[in-house]
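Understanding the architecture of this molecule
As a plain string of letters, each chain reads:
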Amino acid sequence: MPLVNELEMLKKAYDEGYAVGAFNINNMETIQGIVEAAKLEKSPIILQVSRGARKYANPVYLQKLVEAAVIDSGLPIALHLDHGDSFEICKECIDTGFTSVMIDGSSLPYEENVAVTKKVCEYAHAHTPYVTVEGELGTLAGIEDEVNVEHSSYTDPNTVEDFVKRTGVDSLAIAIGTSHGAFKFKPGTKPQLRFDILEEVSRRLPGFPIVLHGASSVLQDYVKMFNECGGDMKDALGVPEELLSKASKMAVCKINIDSDIRLACYAPMRKYILDNPTVFDPRKPLGVARDNITEAVRHKMRDVLHSSNKA
Ligand code: G3H
Ligand code: 13P
Ligand code: ZN
């Protein structure tokens, strides 16, 4: 099976009340760990590449690894650009075989966001095969290599119909209280999401797939392991899984997960290296990391996304 179009995946998820995990990939071990989970769970997946990942790995290496994953797994896999910040980067990804792109104009003034998103949609939709476009309204706080937003603002449901109609986007990322990175909520506060906004957005856009970014739950077993092995991630907190599970049964059809992959990779590597001072074969800690990614992703598919057996 070749790479699949994200739109068909998201439509099925909408109709059947689950979400597809969109996992950020940066190297071979993360791809293999995620794809093994999808194989075992018989789940569809979106593998997504950020600008930071493109810089780190050189896009062609990641793309060839994803081609290998498609051959190896026979599963429905979509290849997606995460947080494209210009028409040019979206065009480059479309021209080189991505099946979907995100144009993130969320930090621009509204009319500029409409203009750049429309331009990407016109290009992507005229492409053969059709390439799916994700837009964003509202901003998420948080810091990653290439995504650095200090202040968040919730999505205004009054704008979504106009935005979708004028741009032609196929899916929409909205801000309802999630944020990027591993420090999403202050300790001692009750993590909450604005389900009222999600409900109002889906009332105005019936049948339309919604995307949640910043949706790692910041798996506490890995935070503990990380801290016990000399790390310092005090007060790392994510979105509670029951909230994500609830969202995935609503109009949210794509849930973005990066920080949990990083933790499931890095914490066991830290532990392995500390426990095995004589080992100098990098395949050993990387192999342990890969196995842990598989376990973490299987758990997401079963208990959070509800995408098991939906491939
Ligand atoms: O949303 C951002 C992703 O977590 C990607 O982060 O730019 O550090 O690869 P990155
Ligand atoms: P997390 O940092 O919560 O994993 O979010 C990732 C993301 O939104 C990628 O676009
Ligand atoms: Zn994101």
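See the structure shown above.
Residues numbered from 1 in each chain as written. Chains lettered and ligands numbered in written order. Predicted model: local features only at pLDDT ≥ 70, side-chain atom pairs only at ≥ 80, totals over all residues. Heavy atoms only, no water.

1. Structural notes on the pattern of salt bridges
- Summed over all chains, the structure comprises 25 salt bridges.
- Across the salt bridge formed by K39 and D72, the nearest N and O atoms sit 3.2 Å from each other. Taken together, the residues span a long stretch of sequence, with K39 in helix 2 (residues 28-41) and D72 in helix 4 (residues 59-73) at a distance of 33 residues.
- Look at the salt bridges and you will find they share partners, linking E161, E200, R203 and R204 into a network. (Salt bridge = Lys/Arg side-chain N within 4 Å of Asp/Glu carboxyl O. Helix = DSSP H or I, 4+ residues; strand = E, 2+ residues; numbered from the N terminus.)

2. Overview of the pairing of strand 3 (residues 77-84)
- The buried fraction of strand 3 is high, at eight of eight residues.
- Across five bridges, strand 2 (residues 45-49) lies against strand 3 in parallel orientation. Bridge pairing links V49 to L81 in strand 3.
- The pairing of strand 3 with strand 4 (residues 100-103) spans three bridges and is classified as parallel. Across the sheet, the residue bridging to H80 is S100, located in strand 4. (Buried < 20%, exposed > 50% of the residue type's maximum accessible area, 1.4 Å probe, protein only. Pairing = 2+ DSSP bridges.)

3. Here's the deal with the environment of V60
- Among the structural elements, V60 can be located in helix 4.
- C-alpha separation for the pair V60 and T96, spaced 36 residues apart in sequence, amounts to 9.0 Å.

4. Points about the state of the cysteines
- Following the criterion strictly, the structure yields zero disulfides and no others.
- Cysteine C90 is unpaired, with the sulfur of C93 as its nearest cysteine sulfur at 6.9 Å.
- With a relative accessible area of 0%, C93 lands in the buried category. (Disulfide = S-S within 2.5 Å.)

All we've got here are geometric facts, nothing functional implied.
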